[in-house]
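Read off the chains here:
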Amino acid sequence: MNDIAGNAIFSSLKQITTMVNINVFSQILSLIDRERFNFLVRKHDSDKHHKGINSWTHLVSMLFCHLSSADSVRDISNGLRSTTGNMRHMGISRVPSKSNLSYMNAHRDQVLFRDLYVELLDKLWQKQTHLRSELRMLKRKVLLMDATVIPLCLSVFDWAKFRSAKGAVKLHTILDYDGCMPSFVHITDGKTHESTVAKTLSFPKGCVVVVDRGYVDYAWMNVLDSKGCFFVTRSKSNMKYTVLKSWQSDELKEAGVIEDQVIALDGISATRYGDKKMRLVRVWDSIKNVEYEFLTNHFQWKAATVAALYKERWEIETFFKHLKQRLKVTIFVGTSENAVYIQIWTAMIGILLFKYIQKRAKYGWNLSNLVNFIRLNIFVKIDLWKWADDPFISGKPPDQNGQFNLF
């Protein structure tokens, strides 16, 4: 064996040994570029008055909150303290006390964590993009927009006004269909309507914006149309319109389309939409036995394509479900507005890291299973990527369905 080959093998063995000596949590933290993080720290001056707990320690603590499903700052502090021998691998020199962590959540500006999410999205996720085959023919950027309400107790979170006896914050999100991760996130109080935030946004020319009927505002839809953007949404039940053209055929019925129409809105709605024509596609759902009506300003797509685009809006609902069920965004460890925002932004960072591991792993992980497995093994010293590729090492090859035989 020559020296070059020998050195390569030695280097590989050393790397494997090093990875085995580092716990899973530390390996996940290594996905975050410390140089870029430190740049953001300097940019926002977030280590000023840090009370001995720097921004990195704060980030590690909040990610531990999500990955371990901690319910309080006491749980975070005690959980990190239990792994004192591994602090060096996590890049921290001391474990924050619960009072330190509470102070940092209240006073360290949440924009640091917001900007870190944007940095990681650009670094990790843009390299993992894909467009699903059924809509690849569109050759357009598809953006799925929606908002979700995160309930809060008004007596504790008195700043989070929503209803007379309820508090909440609202997460306004645009999910890029090419990769299915949020390219835009904005947090407001629960009272802010979705369409209010939508009107402040600009979209790239030629893109397709898919929204539910809560966003139906004809003046806003007119702006989208005027700027060369396309929309797909559901019509409101009280929409008044006149049918200008209509198509029905056996071919359409086979695709589940009842009728494909060109319409003109009536009354004030027509004025708000600029007296333009619109397309209405009526579709029958044979599974739920329900008729749906979809609106769009694109007149060349097949009617079935319009329905398929709206169906893909379910991706954003799935994202909200994973965020709420797999990360810690229903129980908060701080009560101030800044603390809540920090917890939400670190949850966004957490789910991005989870989905990156899911995409990169050779094993076909379900996200919920991956999160649970990592949670159970967070301080176990194993090679994360070797384990993610082959989690059930049994000495036997996978069966014809790609599943590992555990026995």
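What counts, and at which threshold
- The written sequence of each chain sets the order in which its residues are numbered from 1.
- pLDDT decides what is reported in this predicted model: residues at 70 or higher carry local features, side-chain atom pairs at 80 or more are listed and counted, and totals for whole chains, interfaces and linings draw on all residues regardless.
- Excluded from the side-chain calculation are hydrogens and water; included are all heavy atoms of the structure.
- Note on conventions: DSSP H or I runs of at least 4 residues are helices, E runs of at least 2 residues are strands, and numbering of each starts at the N terminus.
- Partly exposed residues are those whose accessible area sits between 20% and 50% of the maximum for their type, while under 20% is buried and over 50% is exposed, using a 1.4 Å probe and protein chains only.
- Between two residues, a contact is recorded if the distance between any of their heavy atoms is within 4.5 Å.
- Only the protein chains shown count as cover for residues, and all accessible areas are computed by the Shrake-Rupley method using a 1.4 Å probe.
- Note on ring pairs: Phe, Tyr and Trp rings are taken, using the six-membered ring of Trp, and paired if centres are within 6.5 Å. Classes follow the plane angle, with under 30 degrees stacked, over 60 edge-to-face and the rest tilted.
- Here, over-ring charges are defined by two tests on the NZ atom of lysine or the CZ atom of arginine: distance to the ring centre within 6 Å, and angle to the ring normal within 35 degrees.

Engineer: Got a minute to help me understand the overall build of the protein chain in this structure?
Structural biologist: Across its full length, the protein chain carries 17 helices and ten strands. Counting across all 407 residues of the protein chain, residues that qualify as buried make up 50%. Taking as baseline every contact in the protein chain between residues at least 6 positions apart, the subset at least 24 positions apart corresponds to 64%. Per element, the accessible surface of the protein chain, about 20,400 Å² overall, is 51% carbon and sulfur.

Engineer: Would you mind going over the environment of F113 with me for this structure?
Structural biologist: Following the sequence through the fold, F113 ends up in helix 8 (residues 111-125). In this structure F113 comes out as buried when scored by relative accessible area, which is 0%. Sequence spacing of F113 and T346 is 233 residues, and the spatial spacing of their C-alpha atoms is 6.5 Å.

Engineer: Any chance you could explain the packing of aromatic side chains here in plain terms?
Structural biologist: To describe a pair of aromatic rings, you give the distance between the ring centres and the angle between the ring planes. With the rule as written, the count across this model stands at 19 aromatic pairs. Measuring from centroid to centroid gives 6.0 Å for F230 and W301, while their planes differ by 55 degrees, and the two rings are tilted. Here W301 lies in the loop between strand 10 (290-296) and helix 13 (303-311) and F230 lies in strand 6 (residues 230-234), a separation of 71 residues in the sequence. Here the two residues F230 and W301 agree in accessibility, since each one is buried. Through pairs of rings, three or more aromatic residues link up here, namely F157, W159, F332 and Y341. It is R34 that lies over the ring of W56; its NZ or CZ is 4.0 Å from the centre. Directly above the aromatic system of W385 lies the positively charged group of R360, at a separation of 3.8 Å from the ring centroid.

Engineer: Please clarify how unusual backbone geometry should be interpreted in this entry.
Structural biologist: For residues other than glycine, phi is negative in most cases, and the peptide bonds are mostly trans. Within the chain, D45 stands out as a residue other than glycine whose phi angle is a positive 50 degrees. Overall, the relative accessible area of 47% leaves D45 in the partly exposed class. Phi is positive for D275, which is not a glycine, with a value near 55 degrees. On the secondary structure map, D275 appears in the loop between helix 12 (267-272) and strand 9 (277-285). Note on D275: relative accessible area 61%, which makes it exposed.

Structural measurements only, silent on function.
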